[in-house]
Amino acid sequence: MKLGVCYYPEHWPTSRWRTDAEQMKKIGIEYVRVGEFSWSTIEPTPEQMNWQWLDESLDILHEYGLKVILGTPTATPPKWLVDRNPGMLAKDEQGRERGFGSRRHYTFASLEYREECRRIVTIMAQRYGQHPAVVSWQTDNEFGCHDTILSYADADLTAFRLWLKDKYGTIEALNQAWGNVFWSMEYRSFDEIELPNLTVTEANPSHRLDFQRCSSDQVVAYNKLQVDILREHSAGRDLVHNYMGFFTAFDHHKVGEDLDVASWDTYPLGFLDQEAIYTQAEKQTYLRVGHPDFGAFHHDLYRGCGKGRLWIMEQQPGPVNWAPHNPTPADGAVRLWTWEAFSHGAEMVSYFRWRQAPFAQEQMHAGLLRPDAEEAEAAKEASKVASEVEQLSQALGMDADELVSLPSAGKVALMFDYDACWSLDIQPQSRAYRYLFWCYRSYQALRELGLSVDIIPATASLDTYDMLVLPAQAHISADLNRRLDAYQGVLLAGPRTGSKTETYQIPENLAPGPLAERLPLQVERVDALPEHTQPAVSGRWGVGVLKHWHEQIKTDLPCLLKDHGGNPVLVGEGRHYYLGSCLDNSVLKASFAQLAGLAGLETYYLPEGLRIRERGELIFVMNYASHSIDFVPDGAELVIGSRRLEAANIAIWKKC
Amino acid sequence: MKLGVCYYPEHWPTSRWRTDAEQMKKIGIEYVRVGEFSWSTIEPTPEQMNWQWLDESLDILHEYGLKVILGTPTATPPKWLVDRNPGMLAKDEQGRERGFGSRRHYTFASLEYREECRRIVTIMAQRYGQHPAVVSWQTDNEFGCHDTILSYADADLTAFRLWLKDKYGTIEALNQAWGNVFWSMEYRSFDEIELPNLTVTEANPSHRLDFQRCSSDQVVAYNKLQVDILREHSAGRDLVHNYMGFFTAFDHHKVGEDLDVASWDTYPLGFLDQEAIYTQAEKQTYLRVGHPDFGAFHHDLYRGCGKGRLWIMEQQPGPVNWAPHNPTPADGAVRLWTWEAFSHGAEMVSYFRWRQAPFAQEQMHAGLLRPDAEEAEAAKEASKVASEVEQLSQALGMDADELVSLPSAGKVALMFDYDACWSLDIQPQSRAYRYLFWCYRSYQALRELGLSVDIIPATASLDTYDMLVLPAQAHISADLNRRLDAYQGVLLAGPRTGSKTETYQIPENLAPGPLAERLPLQVERVDALPEHTQPAVSGRWGVGVLKHWHEQIKTDLPCLLKDHGGNPVLVGEGRHYYLGSCLDNSVLKASFAQLAGLAGLETYYLPEGLRIRERGELIFVMNYASHSIDFVPDGAELVIGSRRLEAANIAIWKKC
Amino acid sequence: MKLGVCYYPEHWPTSRWRTDAEQMKKIGIEYVRVGEFSWSTIEPTPEQMNWQWLDESLDILHEYGLKVILGTPTATPPKWLVDRNPGMLAKDEQGRERGFGSRRHYTFASLEYREECRRIVTIMAQRYGQHPAVVSWQTDNEFGCHDTILSYADADLTAFRLWLKDKYGTIEALNQAWGNVFWSMEYRSFDEIELPNLTVTEANPSHRLDFQRCSSDQVVAYNKLQVDILREHSAGRDLVHNYMGFFTAFDHHKVGEDLDVASWDTYPLGFLDQEAIYTQAEKQTYLRVGHPDFGAFHHDLYRGCGKGRLWIMEQQPGPVNWAPHNPTPADGAVRLWTWEAFSHGAEMVSYFRWRQAPFAQEQMHAGLLRPDAEEAEAAKEASKVASEVEQLSQALGMDADELVSLPSAGKVALMFDYDACWSLDIQPQSRAYRYLFWCYRSYQALRELGLSVDIIPATASLDTYDMLVLPAQAHISADLNRRLDAYQGVLLAGPRTGSKTETYQIPENLAPGPLAERLPLQVERVDALPEHTQPAVSGRWGVGVLKHWHEQIKTDLPCLLKDHGGNPVLVGEGRHYYLGSCLDNSVLKASFAQLAGLAGLETYYLPEGLRIRERGELIFVMNYASHSIDFVPDGAELVIGSRRLEAANIAIWKKC
Ligand SMILES: [Zn+2]
Ligand SMILES: [Zn+2]
Ligand SMILES: [Zn+2]
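Given the structure is predicted, the values throughout are model-derived calculations rather than measurements.

J.: Explain the side chain of B:Gln138 to me, using residue names and the numbers behind them.
T.: Residue and element names in this part refer to chain B. Residue position: Gln-138 is located in strand E4 (residues 134-138). Residue Gln-138 is classed as buried on the basis of its relative accessible area of 0%. A distance of 2.8 Å separates a polar atom in the side chain of Gln-138 from a polar atom in the side chain of Arg-33. With near-sequence residues (within four places) excluded, Gln-138 lies in contact with Arg-33, Glu-36, Ile-69, Leu-70, Gly-71, Thr-72, Val-240, His-241, Asn-242 and Met-313.

Next up, the structure:
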């Protein structure tokens with residue numbers, strides 16, 4: 001439970017640096033991220049390197065006892081470097097080159113750009129790998145931001161053909177796997193294959209899925225290249241990348257395997273305003289605090305990408321500049337978000353940015369300091385958190401490191417799989433269906449029951465969980481199937497689970513494919529509905545409506561929910577359950593409560609806007625509503641805060 | 001009244017083919033369409049042809065007594081062929097090449113691609129032209145699908161310049177016809193003319209209209225090339241093409257002149273969901289049966305393109321995959337659609353497709369069989385239709401061929417003209433106006449009165465009709481004017497009729513141009529309205545509102561409807577009437593009822609969702625409502641079904 | 001108060017020209033604009049010029065005593081000229097060339113096209129510079145129409161680099177000014193700078209702002225080139241350009257400095273329908289008269305661009321063709337618009353166009369004559385205006401020229417600054433915020449109080465105004481700051497005033513920057529809101545809601561309005577006031593009334609739809625409502641019209 005900040009000494013006069021470090025310490029900052037956009041300062045021309053500013057900055061930070069997370073500057077190569085490697089630029093789906101002038105102007109598949117990265121990262125790692133201030137490295141910045149995963153340049157085509165050859169071996173195998181006999185799409189060689197853009201109508205979904213996978217693998221390889229250099233020259237430092245919210249274009253689990261910690265950049269207001277997942281009502285209700293599950297969902301997701309270790313690399317500190325509308329946070333919101341992160345196991349929360357820059361693209365993005373160096377609201381809230389951490393530390397009789405190490409795992413697991421996401425969104429059947437949305441709403445329902453959830457990859461060990469939810473695991477691999485077989489907890493598989501093979505075909509036995517081994521049923525037909533057609537469901541487990549996706553299921557299993565026509569919607573018995581439709585919040589929550597009961601887990605029906613999260617003996621209570629709420633968890637005593645929680649306030653309880 | 005199916009033997013193991021044929025027979029299938037996407041199977045490489053699979057398939061189908069419609073495979077040329085002829089690819093309006101990877105990757109104007117078509121069609125026609133199973137050929141597939149009529153590639157520019165030279169002879173004539181003096185758009189030669197895309201603001205409407213006409217003529221020529229080959233090598237077989245729904249980008253009447261039968265592909269749910277013509281209320285009400293006039297409108301339209309002969313080449317059999325949302329049809333809907341088609345004179349209804357493919361783009365598109373070869377819902381409904389046709393045959397004492405030959409013409413004609421459609425949509429004046437929408441709503445009003453309608457081209461003989469509606473015949477050719485002069489029935493001309501010359505100018509005497517010879521009036525000004533401004537109309541013929549288009553008419557003719565200001569809206573006397581505004585359903589229906597009365601035709605006011613259609617002595621009754629309706633036609637006795645029609649059910653009556 | 005018309009003799013047979021001239025005179029037309037799209041008639045081929053038609057046209061017009069405004073034909077260069085200078089074509093933001101086939105197919109920055117312009121304008125000026133009919137020249141036509149200010153072609157890049165070098169001198173200065181250290185956007189030379197399109201995410205706002213400024217300066221230079229030639233060969237004639245409505249892409253004040261009169265093209269119905277500024281309710285209410293402030297706002301704005309001289313070059317005379325919907329004007333609307341223009345100081349109102357052309361793009365655009373040469377409605381209304389002017393002339397005992405010279409300046413000034421517009425819209429923070437919209441709504445509120453307003457540039461002298469409103473003056477230049485310091489009237493500065501430096505940085509002392517010298521306050525934070533979040537405001541000056549933009553202000557100044565949390569919204573004392581939020585109409589109007597009171601100005605609360613405007617002793621009253629309204633101004637007697645104004649009617653009163 002430590003605080004950090006993102007800092008750009010290169011934006012300010014040298015004379016200011018000591019004052020900054022001193023003020024950081026005063027607020028309670030321990031970690032400082034530095035350097036990730038500074039390539040043109042480091043290497044202003046191809047003939048000249050300038051390390052002096054960074055040497056000095058690191059020394060000053062070290063002098064003040066601050067720990068540095070050093071960013072590789074590869075998200076913003078300078079203009080001269082782009083001109084030297086014109087093939088490094090990405091092309092968008094329309095075939096237009098995406099030029100210099102902002103950031104992220106490269107495609108991951110470019111081998112010439114990877115060489116430039118190797119060069120700069122090596123020099124940097126050699127120079128600072130053993131610097132006493134440097135405790136961590138961040139690779140690049142926000143992979144994929146500004147829609148930069150899929151690129152359609154020559155380098156991408158080359159990489160794709162190699163990737164396919166590597167995967168399929170022969171062109172006949174690929175033609176078979178993709179079903180290219182359909183519409184005469186058969187190829188004679190890998191060299192005939194094009195990227196799946198600018199086709200007359202949609203390209204083969206297998207083609208699109210493999211391109212997405214290949215593109216994701218380019219990110220993995222790109223990151224790995226930097227990781228290998230950093231490990232060589234800076235062993236023992238935590239390697240990290242900062243992910244983004246609601247972002248599914250590459251496989252974060254695979255990238256995470258090469259890193260030590262997962263971190264992400266959390267902007268609760270910007271994302272509320274920007275994302276289609278939220279209703280207009282939610283956007284209005286939570287305008288100044290963000291949606292109550294936004295932070296939590298990503299904390300749990302990315303902790304699962306970080307082998308249990310989580311940092312917040314960028315925490316919104318005030319109004320930002322990039323959303324369609326940029327309101328100010330409610331008083332207390334920055335503190336609320338910080339504690340929400342700690343409650344989910346975040347070791348460190350770093351605010352973005354130290355001081356609002358008065359120039360360039362983000363000049364309206366708040367920092368802990370205003371452009372005139374006065375403290376902004378967030379600085380006060382950060383200070384308050386720092387003192388509360390101290391207070392908690394004393395109350396629990398733990399030192400700071402022990403606090404960081406409090407257990408954070410939940411007893412319920414929700415499986416989130418990037419490959420499933422791509423598969424199902426490529427052909428959603430109903431525009432209203434989105435894999436991510438369904439997973440998020442499932443997570444929300446679990447959390448509204450007071451459950452502490454882990455979001456896990458398809459490769460995770462399942463043993464420690466009392467309850468497991470597979471919202472829509474499109475493809476059940478043989479390995480996952482084995483682990484499911486061995487799983488002893490209560491399992492719920494949702495609609496579309498097992499509906500595809502690895503190469504995007506319908507399984508021979510139809511959906512749910514291999515899952516039918518333990519859930520004897522068959523999906524005979526699918527009814528994909530518009531947003532406003534919401535047929536009723538009812539049964540022993542609840543009453544409500546279904547939405548978007550509605551499977552016609554043939555089974556002899558007991559029916560817990562049926563549709564209006566009496567057809568099964570939620571079926572199962574013992575430890576195994578199958579849900580064939582997306583459900584609205586009320587009946588979904590009721591069904592989860594039933595399953596949790598079967599799994600031996602206790603649940604709450606929390607009031608709207610209130611959320612709780614457990615870590616070991618601690619229970620964190622967060623109020624996202626705009627009014628005060630009284631809440632007392634069962635058998636616990638107050639450590640921080642009060643029973644009555646004002647809007648945007650928090651409390652911490654300890655089980656007794 | 002025969003059934004068919006679309007079949008892809010190349011997608012399945014040889015071992016399955018006999019089983020398939022046997023099962024088709026069992027269901028009652030007589031026609032099988034084969035081959036239209038199989039080019040890469042036929043010609044996997046430029047050096048090699050593979051006919052064995054098709055030889056064997058046709059032999060097996062023949063063995064089981066099935067009749068084959070053989071498709072030319074030119075909608076899906078293989079990759080190597082595209083690489084050999086890169087100039088064959090289309091370009092979209094933004095100038096982007098539309099590449100390989102799906103289907104329809106060619107422009108009709110490409111002479112190099114036409115040569116490839118000539119080659120493959122000739123070989124195929126020579127090989128199978130006399131095969132005993134082959135009773136028909138389908139040229140290519142769904143001309144224009146995926147917006148492939150207008151293309152902006154070099155081949156298109158070349159074709160356009162030739163077409164213009166052929167039409168106008170001299171550049172002076174073109175400049176004059178287009179009014180190019182306006183904005184200094186004058187050309188010195190045909191070689192200076194560009195395609196009308198990527199201009200700074202809209203191109204000259206005459207320019208755009210001629211480009212649309214030229215593009216349509218490319219389709220005609222492309223189709224004719226195949227027709228000539230097929231006639232030469234396979235004389236006596238029915239030549240057919242499968243048109244699409246709500247598609248107006250080429251002149252189907254002109255293409256139809258070269259063919260023997262018209263067919264179309266009917267997806268009532270997909271089109272309901274997808275098309276802007278339908279209101280949200282209609283989309284909700286008819287979610288699972290489609291709009292009651294969707295099938296009927298196209299049956300009557302395309303029968304008019306087929307010299308009175310109509311097939312359904314692809315009938316939706318369950319959920320499809322390509323609409324924004326893809327719900328399941330109501331129980332009985334597939335049967336309802338099939339009978340609707342028969343009631344409009346369809347000789348054959350062929351379901352798309354035999355078996356759901358578990359791979360590629362359409363893997364979620366239902367078939368008569370599921371991917372696992374079990375019968376889907378639609379197979380049962382098709383079987384039921386087959387046995388009802390048998391029942392009808394016996395009840396009427398007619399054999400199958402006599403049933404097919406039952407008369408299907410109506411007594412009311414509605415003129416639908418592709419050239420008028422292009423003309424009026426190029427400059428709609430109000431975004432709410434669309435030629436097709438107005439024609440469809442006019443057709444709907446006629447049909448809700450129980451009238452059986454023919455939809456006819458501008459070139460049709462008018463003699464047999466008691467009543468003729470010209471919804472919006474932009475240009476009245478001299479020939480049409482002569483036929484109108486000779487016409488003895490009741491004529492209604494709608495708004496915008498006669499408003500343009502052939503080269504898209506305003507007639508010297510203003511609208512309605514030559515029509516003023518029999519309807520002495522002048523359109524002085526036009527009031528083009530947004531959707532929600534709907535001024536009232538009233539008069540001897542009804543009360544309601546007008547929409548979208550509102551002409552200020554100067555005339556001494558009697559006024560049957562006036563607007564709020566007392567200005568004439570519907571005028572006329574004796575046999576000739578003119579309507580200057582688009583009307584809402586209620587007053588439009590009332591006006592049509594008046595006209596039908598003058599024409600000596602009897603009308604019903606059918607309950608919402610119910611439709612009837614007459615063929616000779618038979619009256620078909622179809623219920624598209626989601627509740628049951630009692631309906632008994634005057635002076636008729638029941639042959640099939642009952643008086644009370646459940647939702648999605650049908651009855652057949654015989655006049656007595 | 002004179003009438004004019006736009007005339008295209010080249011579209012009609014020579015035999016018609018005398019008839020036209022005669023009929024113009026009969027209607028009361030004095031001015032005729034000619035020639036601005038006629039290049040292909042003048043120069044049909046590169047080898048041949050054809051002046052005969054224009055010689056004859058001008059002679060005939062002169063013969064009938066008509067005064068000619070001669071247009072340079074450079075908005076529509078002929079095809080051969082484009083083929084000769086392919087580099088003259090613009091490219092759009094997506095990099096697509098914008099080709100021949102409509103109009104305005106050039107980029108202002110093209111030096112090769114400027115040479116062609118120099119050539120044709122010189123020849124034309126030499127030929128007609130001293131023609132007795134020619135009293136004025138119009139340069140080109142509607143600069144920027146069809147989004148033609150920003151272009152991304154090679155010529156534009158070349159011009160931009162030169163412009164930047166000229167502005168900044170050294171690349172270091174530019175890097176500093178733009179804050180290019182952010183995201184490593186630093187350049188080593190001006191040759192590295194690209195245009196700010198097709199970047200991965202948004203380009204640097206300083207980069208974008210300078211590109212907008214440079215593009216605007218290209219228009220200034222392009223216009224100046226023609227002006228210099230015309231002044232040389234046709235001294236003493238009024239030089240004019242015709243601006244458009246709601247158009248801010250270039251600096252009209254700068255262009256206006258080189259001209260003698262400002263004119264604009266006013267289409268009240270087309271703009272009502274097309275523009276996002278108007279609500280659906282306004283679009284419905286004012287469907288047939290246009291919004292009551294549309295004409296007025298632009299009259300006052302462009303009079304400020306014309307050194308006090310204003311013409312209407314194109315006045316809508318009936319339905320047009322280019323808006324999404326094109327309704328007919330209410331009876332009387334054309335007369336209403338004409339008098340509105342006169343009331344704001346227009347010397348001349350010219351209708352577009354004389355006779356509706358039956359061909360090409362604008363064939364559905366009404367004229368004073370219909371295509372068949374009959375008079376359309378507008379001709380009658382124009383005649384009526386002509387006779388009323390005569391009546392007014394007699395009533396006041398003034399001749400026509402004295403009428404033209406009546407004073408038109410207001411006592412309230414509203415500052416409108418194109419540079420501020422670009423600055424604030426580049427980063428609006430809330431999508432709901434638009435500089436133009438806020439200025440327009442501020443103007444509307446002033447006008448609903450019966451105030452006569454001047455809209456002035458940032459460079460204007462402020463001395464003559466009792467009250468000055470700076471709606472959102474982003475950058476306060478040193479010069480403006482000096483004039484504000486000297487200003488003795490009542491000043492209100494609105495939200496975002498003083499929030500940026502000249503190079504788009506946040507001022508060191510934060511907003512309102514230099515304004516803080518006389519308004520001691522600081523904008524600490526900004527709350528940028530979505531459309532439907534409208535927090536309450538209240539205070540001594542009124543009650544209402546704020547919208548879109550909400551500043552958190554720190555100040556000791558008295559609070560006239562506060563937000564719900566008690567924070568200052570409108571503050572000030574004495575002569576200086578600051579408003580930190582956009583306000584809704586009611587509280588904005590109430591606040592303006594308070595300020596007007598402090599400034600010693602009398603106000604009305606006019607009924608909805610009614611507007612007044614003073615010129616010297618005259619008070620013009622205009623009714624835009626669709627019902628009649630009784631209105632009697634204080635201490636005035638009726639000259640034209642009546643106390644009770646019917647819909648779309650006007651009255652003129654004289655103070656007594
Ligand atoms: Zn970030
Ligand atoms: Zn089809
Ligand atoms: Zn104009």
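Still more to cover.
J.: Pulling in residues and values, what's your account of the coordination of the zinc ion (ligand 2)?
T.: Residues and elements named next belong to chain B. Binding of the zinc ion (ligand 2) to the protein goes through Glu-142 (OE) and Glu-314 (OE), at separations of 2.3 Å. Pair noted here: Glu-142 is in the loop between E4 and helix H6 (154-168) and Glu-314 is in strand E7 (residues 310-315), with a separation of 172 residues, a long-range link. Glu-314 matches Glu-142 in its accessibility class, with the two residues each being buried.

J.: Please provide a residue-by-residue account of the relation of the copies chain A and chain B, values included.
T.: Each of the two copies of the chain can be brought onto the other by a rotation about an axis and a shift along it. Least-squares fitting of chain A to chain B yields an RMSD of 0.0 Å, with the transformation described by 0.0 Å of translation along the axis and a rotation of 120°. Viewed as a symmetry operation, the transformation between the two copies matches a three-fold axis.

J.: An account of the interface of chain C and chain B is requested, with residue identities and associated values reported.
T.: Counting residues at the interface gives 54 residues for chain C, matched by 44 residues for chain B. Here chain C meets chain B over a buried area of about 4300 Å², counting both sides, of which 55% is carbon and sulfur. Counting the contacts that link chain C with chain B gives three salt bridges. The partner of C:Arg370 in a salt bridge is B:Glu524, and the shortest N-O contact between them spans 2.8 Å. Counting across the interface, chain C meets chain B through 26 residue pairs in polar contact (both at pLDDT 80 or more).

J.: Hey, could you go over the packing of aromatic side chains for me, with residue numbers and the actual values?
T.: Within this structure, the stated rule accounts for 126 aromatic pairs over all chains. On the numbers, 5.9 Å between centres and 55° between planes, the contact of B:Tyr31 with B:Trp311 is tilted. Residue B:Tyr31 is found in strand E2 (residues 31-34), and its partner B:Trp311 is found in strand E7; the two are separated by 280 residues along the sequence. Grouping residues by exposure puts B:Tyr31 and B:Trp311 together as buried. A cation over a ring is seen here: B:Lys500 above B:Tyr504, with NZ or CZ 4.6 Å from the ring centre. Between the NZ or CZ atom of C:Arg496 and the centre of the ring of C:Tyr433, over which it lies, the distance is 4.8 Å.

J.: How would you sum up the interface of chain A and chain B? Please name residues and give values.
T.: Listed as interface residues are 44 residues of chain A and, on the opposing side, 56 residues of chain B. For the pair chain A and chain B, the two sides together bury roughly 4300 Å², of which 55% comes from carbon and sulfur. B:Arg288 is paired through a salt bridge with A:Asp527; the nearest N and O atoms lie 2.8 Å apart. Inspection of the region where chain A meets chain B yields 26 residue pairs in polar contact (both at pLDDT 80 or more). Looking at which element gives the most residues to the side of chain A that touches chain B, the answer is strand E13 (residues 521-528) of chain A, with six residues. Among the residues forming the side of chain A that touches chain B, the class breakdown is 19 nonpolar, 13 polar and 12 charged.

J.: Explain the sheet that holds strand E25 (residues 650-655) of chain B to me, using residue names and the numbers behind them.
T.: Residues and elements named next belong to chain B. Pairing is antiparallel across the open sheet formed by four strands, whose spatial order is E20-E21-E25-E23. Unpaired on one side and paired on the other, strand E20 (610-615) and strand E23 (636-640) mark the two borders of the sheet. Averaged over all neighbouring strand pairs, the angle between strand axes comes to 30°, with direction disregarded. Bridging between E23 and E25 involves four bridges; their strand directions are antiparallel. Note that in E25 the partner of Leu-638 across the bridge is Trp-653. The sheet contacts of helix H13 (residues 333-343) involve E20, strand E21 (618-623) and E25, and relative to E21 the element is tilted by about 150°.

J.: Can you tell me about the UniProt feature "binding site: substrate" (unreviewed entry) in chain A, naming the residues and giving the values?
T.: Here, the residues flagged by UniProt with the feature "binding site: substrate" (unreviewed entry) are A:Arg103, A:Asn141 and A:Trp322. As for its position among the elements, A:Arg103 is in the loop between helix H4 (79-84) and helix H5 (111-128). Accessibility expressed as a relative area gives 8% for A:Arg103, which makes it buried. Excluding residues within four positions of it along the chain, A:Arg103 makes contact with A:Phe37, A:Ala75, A:Thr76, A:Asn141, A:Glu142, A:Cys145, A:His146, A:Glu362, C:Trp183, C:Val200 and C:Thr201. In this view, A:Asn141 contacts A:Arg33, A:Glu36, A:Phe37, A:Ala75, A:Arg103, A:Arg104, A:His241, A:Asn242 and A:Glu314; residues no more than four positions away in its chain are not counted.

J.: Explain unusual backbone geometry to me, and be specific about the residues and the numbers.
T.: Residues B:Phe352 and B:Arg353 are joined by a peptide bond in cis, for which omega reads 0°. Across the junction of B:Ala511 and B:Pro512, the peptide omega takes the value 5°, indicating a cis bond. Within the secondary structure, B:Pro512 is located in the loop between strand E12 (490-493) and strand E13 (521-528). Of note, B:Glu142 is a non-glycine position whose phi angle comes to about 45°, a positive value. Despite not being glycine, C:His146 shows a phi value in the positive range, around 65°. Examined against the element boundaries, C:His146 turns out to sit in the loop between strand E4 (134-138) and helix H6 (154-168). You can call C:His146 partly exposed: its relative accessible area is 22%.

J.: A description of helix H19 (residues 585-598) of chain A should follow, citing residues and the corresponding values.
T.: All names here are of chain A. Here H19 spans 20 Å end to end across 14 residues, near enough to the 20 Å set by a 1.5 Å rise per residue. Within H19, burial applies to Val-587, Leu-588, Lys-589, Ala-590, Ser-591, Phe-592, Ala-593, Leu-595 and Ala-596. Gly-600 lies just past H19 and shows a positive phi near 80°.

J.: Please set out the sheet that holds strand E21 (residues 618-623) of chain A residue by residue, giving values where relevant.
T.: All names here are of chain A. With antiparallel pairing, four strands are arranged side by side in an open sheet as E20-E21-E25-E23. The open sheet has two edge strands, strand E20 (610-615) and strand E23 (636-640), and neither has a second partner. Between one strand axis and the next, the sheet turns through 30° on average, direction left out of account. Direction of pairing for E21 relative to strand E25 (residues 650-655): antiparallel, over a ladder of five bridges. Residue Met-622 lies in a different strand from E25, and its bridge partner there is Ile-650.

J.: Describe the UniProt feature "domain: Glycoside hydrolase family 42 N-terminal" (unreviewed entry) in chain A, with residues and values.
T.: The positions UniProt marks with the feature "domain: Glycoside hydrolase family 42 N-terminal" (unreviewed entry) are residues 6-392 of chain A. In the segment residues 6-392 of chain A, helix accounts for 42% and strand for 11%; the C-alpha atoms at its two ends are 25 Å apart.

J.: Mind laying out the side chain of C:Thr107, listing which residues take part and the relevant values?
T.: Residues and elements named next belong to chain C. Here Thr-107 shows up in the loop between helix H4 (79-84) and helix H5 (111-128). Here Asp-156 takes part through its side chain, which lies 2.6 Å from a polar atom of the side chain of Thr-107. The residues touching Thr-107, leaving out its near neighbours within four places in the chain, are Met-88, Leu-89, Ala-90, Ser-151, Ala-155 and Asp-156.

The rules behind the values
- Residues numbered from 1 in each chain as written.
- Chains lettered and ligands numbered in written order.
- Predicted model: local features only at pLDDT ≥ 70, side-chain atom pairs only at ≥ 80, totals over all residues.
- Heavy atoms only, no water.
- Helix = DSSP H or I, 4+ residues; strand = E, 2+ residues; numbered from the N terminus.
- Buried < 20%, exposed > 50% of the residue type's maximum accessible area, 1.4 Å probe, protein only.
- Polar contact = N/O pair within 3.5 Å; in protein donor to acceptor, adjacent residues only side chain to side chain.
- Contact = heavy atoms within 4.5 Å.
- Donors = N, O, S within 2.8 Å, 3.2 Å for Na, K, Ca; no water.
- Least-squares fit on C-alpha atoms with pLDDT ≥ 70 in both.
- Buried area = accessible area lost by both parts, 1.4 Å probe.
- Salt bridge = Lys/Arg side-chain N within 4 Å of Asp/Glu carboxyl O.
- Phe/Tyr/Trp six-rings, centres within 6.5 Å; stacked < 30°, edge-to-face > 60°.
- Lys NZ or Arg CZ within 6 Å of the ring centre and 35° of its normal.
- Nonpolar A, V, L, I, M, F, W, Y, C, P; charged D, E, K, R; others polar.
- Pairing = 2+ DSSP bridges.
- Axes fitted to C-alpha atoms, helices over the stretch in contact; angles between N-to-C directions.
- UniProt positions renumbered as here; feature names shortened; annotations may be inferred.
- Expected span 1.5 Å × (residues − 1).

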